[in-house]
Amino acid sequence: QVQLVEVGGGLVQPGGSLRLSCYASGSIFSIYDMGWYRQAPGKQRELVSDISIGGDKIRYADSVKGRFTISRDNAKKTVYLQMNSLKPEDTAVYSCIVDIRTRALGPARQYWGQGTQVTVSS
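Chemist: Looking at this structure, how should I read the pairing of strand S1 (residues 2-7)?
Modeler: Here is the key point about a regular strand: its side chains alternate between the two faces of the sheet. Of the two faces of S1, only one is covered, namely that formed by Val2, Leu4 and Glu6; the face formed by Gln3, Val5 and Val7 stays uncovered. In this structure, S1 lies alongside strand S3 (residues 18-26), joined through six bridges in antiparallel fashion. Paired with valine 7 across the strands is serine 21, a residue of S3.

Structural data, given as structure tokens:
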């Protein structure tokens, strides 16, 4: 069984910063791509950023480029999202997504975190 635990959400004023962390635990053989999605009320879920296993391939949504930075620590099985210069439109539930293989000969599949609320408001 695999669990993804997210921490770091909360309430922040516009222009402020937050750092999200997502830690994977359980029966894990290999971890591949890791990333973050968000969903605001009344809107579709969107990809915020993702990062490849080696960290050499990174994508960002246009709306967060230059403000958010994704990183990962493979030894800690953790992906981070540093969010700076936050705007009210960044308010959403942020969920991590991780590609994990649980057995040596099994397929990799995507696992989702439970989500953490980020609210940007004065």
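Chemist: Explain the nonpolar core here, please?
Modeler: Counting 30 residues, the largest nonpolar core has Trp36, Leu81, Met83, Tyr94 and Ile100 as its most contacted members. The set of elements that each furnish at least two residues to this core consists of S1, S3, strand S4 (30-39), strand S5 (46-51), strand S7 (68-73), strand S8 (78-83), strand S9 (92-101) and strand S11 (116-120). Broken down by element, this core gets its largest block of residues, five residues, from S9. Residues within four places of leucine 81 in sequence aside, it is in contact with Leu18, Arg19, Leu20, Trp36, Val48, Ser49, Phe68, Thr69, Ile70 and Tyr94.

Conventions adopted
All residue numbers here refer to positions counted from 1 along the written sequence of the relevant chain. It should be noted that, the model being predicted, local features are given only for residues of pLDDT at least 70 and side-chain atom pairs only at 80 or more, the latter also being counted only at that level, while totals for whole chains, interfaces and linings use all residues. Excluding hydrogens and water, the side-chain values take into account all heavy atoms of the structure. Relative accessibility under 20% of the residue-type maximum defines a buried residue, over 50% an exposed one, and the middle range a partly exposed one, all with a 1.4 Å probe and only protein chains included. Numbering of helices and strands runs from the N terminus, with a helix taken as a DSSP run of H or I at least four residues long and a strand as a DSSP run of E at least two residues long. Strand pairing is assigned whenever DSSP identifies at least 2 bridges connecting the two strands. Here, nonpolar core means buried Ala, Val, Leu, Ile, Met, Phe, Trp, Tyr and Cys residues that are tied together by side-chain atoms lying within 4.5 Å of each other. We call two residues contacting when some pair of their heavy atoms lies within 4.5 Å.

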